[in-house]
Amino acid sequence: MNIKGIGASKGIGIGKAVVLKAAEDKGKFVDKRILESEIEKETDRFNKAVADTAKYYDEIIVKARGVLKEQEIQVFEAYKLLLNDPILMDMIADFIKNELLCAEGSLIKAVEQVKSMFLALNDEYMRQRAEDIENVGKNIFMSLTGNMPADLSNLYEDSIIVAEDLSPADTVSLDRRHVKGFAVEKGGVTSHTAIIARTMEIPALVGCGSELKKINNGDTLIVDGIKGVLIPNPEPDVLKEYLDLQNEYNRQVEKIKSLKDEPSITLDGRKVLLAGNIATPEEANEVLSRGGEGIGLFRTEFLYLNRDNLPSEDEQFEAYRKVAEVMKDRPCIIRTLDIGGDKQSALLNIPKEENPFLGYRAIRICLTERDIFKTQLRAILRASAFGNLRVMFPMISCIEELREAKAVLKEAMSELDERNIQYNKDIEVGIMIEVPSAAISADILAKEADFFSIGTNDLCQYTLAVDRMNEKITALYNPLNIGVLRLIKNVIDAAHERGIEVGMCGEMASNPEYAVLLIGLGLDELSMVPASIPYVKQAVRNISFERAANIAKTALSLGETDKIINLLKEESNAY
Amino acid sequence: MLTKTFVLKCPIGLHARPASILISEAEKFKSEISIRYKNKEISLKSIIGVMTLGIKTGESFDVIISGEDEAEAMERLNKFFEEEIQSL
């Protein structure tokens with residue numbers, strides 16, 4: 001029987017099932033008692049499990065170098081610290097010795113108690129630490145019950161990984177040549193499994209439910225990540241049909257990827273600049289390899305997160321210069337520090353706020369911490385001598401903020417002049433349009449900015465009063481809401497009225513259906529995750545600007561979100 | 001035995017990173033080191049213990065050290081709590 005799931009990564013994968021065994025049921029250990037004569041044996045068994053778990057973490061840390069981010073690796077270092085923690089270990093030894101609980105039962109009880117200590121702290125950060133304890137407990141438990149995860153680094157045939165869920169620990173060492181698909185019981189499209197699958201471009205199904213328990217090692221499986229279905233042990237004719245489908249799908253993907261060096265112009269010759277969003281200098285190469293013609297958003301927060309001191313001017317200069325040199329004369333927009341909101345840094349003295357998204361963040365911090373801001377601006381200016389860099393201020397809500405930020409930029413320039421350092425004196429200075437007041441007053445801002453870039457993620461959440469982190473109200477979060485579309489149109493019209501360029505660097509731009517609407521509204525540039533560039537280019541090259549403009553006009557006149565969604569879907573058949 | 005009262009100066013409370021640095025610093029001394037806060041006293045050997053004390057920025061707590069190198073240990077922790085912790 002076929003099993004339904006959520007297609008989290010497109011494509012069709014065919015291979016043999018490799019089932020990651022779920023942990024044994026905890027229930028039967030909770031009350032299992034031992035004899036006094038068994039205390040020593042049970043203690044030894046527990047200590048061995050802890051040692052094995054430590055070894056398991058060590059192996060992961062070694063394998064993860066270069067695969068996972070430093071931050072993700074640090075998680076395992078922290079786990080090791082917890083493995084050695086006297087509170088947890090003494091508690092367990094005590095339960096074994098004095099309550100005569102078996103090792104598993106003692107572990108479960110101790111983990112529960114430590115978890116409740118963390119949860120009692122009534123602090124969101126500490127609550128998350130409770131999860132760390134639970135993960136460590138889970139690993140020791142698996143080791144105790146002889147259930148350490150299968151070795152996925154050495155598969156010998158095309159395989160589909162089947163599991164309850166995959167953790168970073170499972171995926172770091174994947175044998176990429178042989179993994180052809182994932183199917184997991186839990187999770188949604190933003191789960192770790194889904195993200196890793198899309199990054200690796202491997203078809204994946206998430207949320208398949210407990211039906212998946214029926215799959216055995218060695219079963220032949222088809223993962224259809226397009227329709228969202230798993231087919232176990234298919235009949236020969238079904239298998240044949242899917243092999244054809246897989247070929248066809250792969251051919252299409254190749255075709256789209258081959259557009260890399262083709263220009264992104266509409267059928268009637270209008271140029272649309274497609275650019276990439278990046279968060280580290282290394283990603284600039286990926287933008288080029290996907291056929292991107294610029295960088296529409298270089299997020300600079302990586303320089304400030306997870307560290308003990310502020311980045312120096314020289315360190316930042318090196319990072320920006322790297323991007324400038326990779327991209328040569330192609331435009332690169334560097335966004336100044338956008339911290340606060342959901343991105344916290346211990347370096348910047350940001351107190352806990354009731355409404356961080358409406359609080360002390362981005363340009364508001366920079367205009368207060370002038371020295372930090374000016375250091376960044378000097379670094380950007382110095383790098384501007386090595387390529388086509390532009391500078392962009394986030395979260396501008398009024399003309400006064402733009403003027404103030406530009407004044408600091410002027411100061412940074414004269415400081416460089418004093419030091420006789422070269423930079424591009426005519427560097428273009430633009431702003432993110434992501435606060436509704438800025439979108440509404442775009443005509444005023446356009447007089448003093450060299451370009452606009454619309455940030456739809458925040459613009460959408462501010463305009464619709466929808467917290468995009470709140471799962472209960474995600475249905476309300478829709479960039480096709482007419483209110484948002486009218487703001488976007490207003491921004492574009494105001495920019496063009498003054499003859500300045502306007503782009504978009506929000507997630508909206510990476511969806512080909514939306515991209516057509518945005519082009520029709522008149523956007524000059526679309527910036528997105530690099531992997532999406534070929535798909536948007538395919539759409540751009542198969543539609544005329546005239547038609548896109550008509551679609552935009554119709555969408556604005558329809559006014560209702562559902563009708564606009566349908567219109568875009570229907571029109572997508574044409575390209 | 002030495003006892004000294006400190007006020008927590010790190011910006012975001014005694015979270016994982018400052019706590020783990022504190023533990024590794026304390027490990028370097030032979031003396032027994034503990035923290036007393038709201039009538040609870042815990043040894044500086046356990047990161048879980050330190051973190052679950054839940055000391056918040058601006059609150060005061062006692063550091064208690066006893067052993068042969070207690071003076072050096074207090075000097076080291078004094079530097080940690082008075083200076084270094086502010087940039088963590």
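Residues numbered from 1 in each chain as written. Chains lettered and ligands numbered in written order. Predicted model: local features only at pLDDT ≥ 70, side-chain atom pairs only at ≥ 80, totals over all residues. Heavy atoms only, no water.

1. Comments concerning the sheet that holds strand E14 (residues 451-454) of chain A
All names here are of chain A.
(1) Moving on: The parallel closed barrel is built from eight strands, whose spatial order is E9-E10-E11-E12-E13-E14-E15-E16. Across the sheet, the mean angle from the axis of one strand to that of its neighbour is 30°, orientation sign disregarded.
(2) Moving on: Where strand E9 (residues 273-278) and strand E10 (residues 295-299) come together, three bridges link them in parallel fashion. Bridge assignment links Ile 278 to a residue of E10, and that residue is Phe 298.
(3) Moving on: Contacts from helix H19 (residues 533-541) reach E9 and strand E16 (525-528) within the one sheet, and its direction differs from that of E9 by about 165°. (Pairing = 2+ DSSP bridges. Helix = DSSP H or I, 4+ residues; strand = E, 2+ residues; numbered from the N terminus. Axes fitted to C-alpha atoms, helices over the stretch in contact; angles between N-to-C directions. Contact = heavy atoms within 4.5 Å.)

2. A look at the domain arrangement of chain A
(1) Moving on: Entries for chain A in the domain assignment read domain 1 (3-20 + 150-255), domain 2 (26-144) and domain 3 (262-574).
(2) Moving on: Look at where the C-alpha atoms of domain 2 of chain A and domain 3 of chain A centre, and you get two points 44 Å apart. (Domains from an automatic or database assignment.)

3. Things to note about the environment of Ile60(A)
(1) Moving on: Topologically, Ile60(A) is positioned in helix H1 (residues 39-64).
(2) Moving on: Residue class for Ile60(A) comes out buried when judged on its relative accessible area of 6%. (Buried < 20%, exposed > 50% of the residue type's maximum accessible area, 1.4 Å probe, protein only.)

4. With respect to unusual backbone geometry
(1) Moving on: With phi around 50°, Ala362(A) is a residue other than glycine that occupies positive phi space.
(2) Moving on: On the basis of relative accessible area, Ala362(A) is assigned to the buried category, the value being 1%.

5. Quick notes on the nonpolar core
Note on soluble globular proteins: their nonpolar side chains tend to be buried together.
All names here are of chain A.
(1) Moving on: In terms of nonpolar packing, the biggest core is built from 107 residues, with Phe 393, Phe 452, Ile 454, Ile 488 and Leu 526 touching the most fellow members.
(2) Moving on: Among the elements that make up this core, the one with the highest residue count is helix H17 (residues 482-497) (nine residues).
(3) Moving on: Contact partners of Leu 526, with chain neighbours within four places excluded, come to Val 272, Leu 273, Leu 274, Ala 275, Met 504, Ala 509, Ala 515, Leu 518, Ile 519 and Val 536.
(4) Moving on: Judged by nonpolar contacts, the second largest core, of 68 residues, contains Ile 39, Leu 88, Ala 110 and Met 126. (Core = buried A, V, L, I, M, F, W, Y, C linked by side-chain atoms within 4.5 Å.)

6. A look at the packing of H1(A) against helix H4 (residues 103-119) of chain A
Residues and elements named next belong to chain A.
(1) Moving on: Close contact between H1 and H4 brings their axes to 9 Å; oriented N to C, the two are set at 60°. Our classification of the angle between H1 and H4 gives oblique. From H1, Glu 42, Arg 45 and Phe 46 reach across to H4, where they touch Ala 103, Glu 104 and Leu 107.
(2) Moving on: Considered class by class, the residues forming the contact of H1 with H4 number three nonpolar, no polar and three charged. (Parallel < 35°, antiparallel > 145°, perpendicular 65-115°, else oblique. Nonpolar A, V, L, I, M, F, W, Y, C, P; charged D, E, K, R; others polar.)

7. Some remarks on the packing of aromatic side chains
All names here are of chain A.
(1) Moving on: Inspection of the entire model under this criterion finds 13 aromatic pairs over all chains.
(2) Moving on: Here the aromatic rings of Phe 29 and Phe 141 are separated by 5.6 Å at their centres, their planes lie at 85°, and the arrangement is edge-to-face. Here the residue Phe 29 occupies a position in the loop between strand E3 (12-19) and H1, and Phe 141 occupies one in helix H5 (residues 124-144), the gap between them amounting to 112 residues. Across this residue pair, the class does not change: Phe 29 and Phe 141 are buried. (Phe/Tyr/Trp six-rings, centres within 6.5 Å; stacked < 30°, edge-to-face > 60°.)

8. A word on the pattern of salt bridges
Residues and elements named next belong to chain A.
(1) Moving on: Taken as a whole, this structure holds 50 salt bridges over all chains when the rule is applied.
(2) Moving on: Where Arg 45 meets Glu 104, a salt bridge forms, and the shortest distance between an N and an O atom there is 2.8 Å. Placement of the pair is Arg 45 in helix H1 and Glu 104 in helix H4, with a sequence separation of 59 residues.
(3) Moving on: The exposure class of Arg 45 is partly exposed, given its relative accessible area of 31%.
(4) Moving on: Taking the shortest distance from any N to any O, the salt bridge between Lys 80 and Asp 58 comes out at 2.8 Å. Of this pair, Lys 80 sits in helix H2 (residues 70-83) while Asp 58 sits in helix H1; the two residues are 22 residues apart in sequence, bridging distant segments of the chain. (Salt bridge = Lys/Arg side-chain N within 4 Å of Asp/Glu carboxyl O.)

9. So, the interface of chain A and chain B
(1) Moving on: Taken together, the contacts link 19 residues of chain A with 18 residues of chain B.
(2) Moving on: With both sides pooled, the region where chain A packs onto chain B buries about 1,500 Å², and carbon together with sulfur makes up 71% of that total.
(3) Moving on: Joining chain A to chain B, the criterion identifies zero salt bridges.
(4) Moving on: If you look at where chain A meets chain B, you find three residue pairs in polar contact (both at pLDDT 80 or more).
(5) Moving on: Breaking the side of chain A that touches chain B down by element, the ones donating at least two residues are H2, helix H3 (86-98), H4 and H5 of chain A.
(6) Moving on: Residue contributions to the side of chain A that touches chain B peak at four residues, all from H5(A).
(7) Moving on: Considered class by class, the residues forming the side of chain A that touches chain B number 13 nonpolar, one polar and five charged. (Buried area = accessible area lost by both parts, 1.4 Å probe. Polar contact = N/O pair within 3.5 Å; in protein donor to acceptor, adjacent residues only side chain to side chain.)

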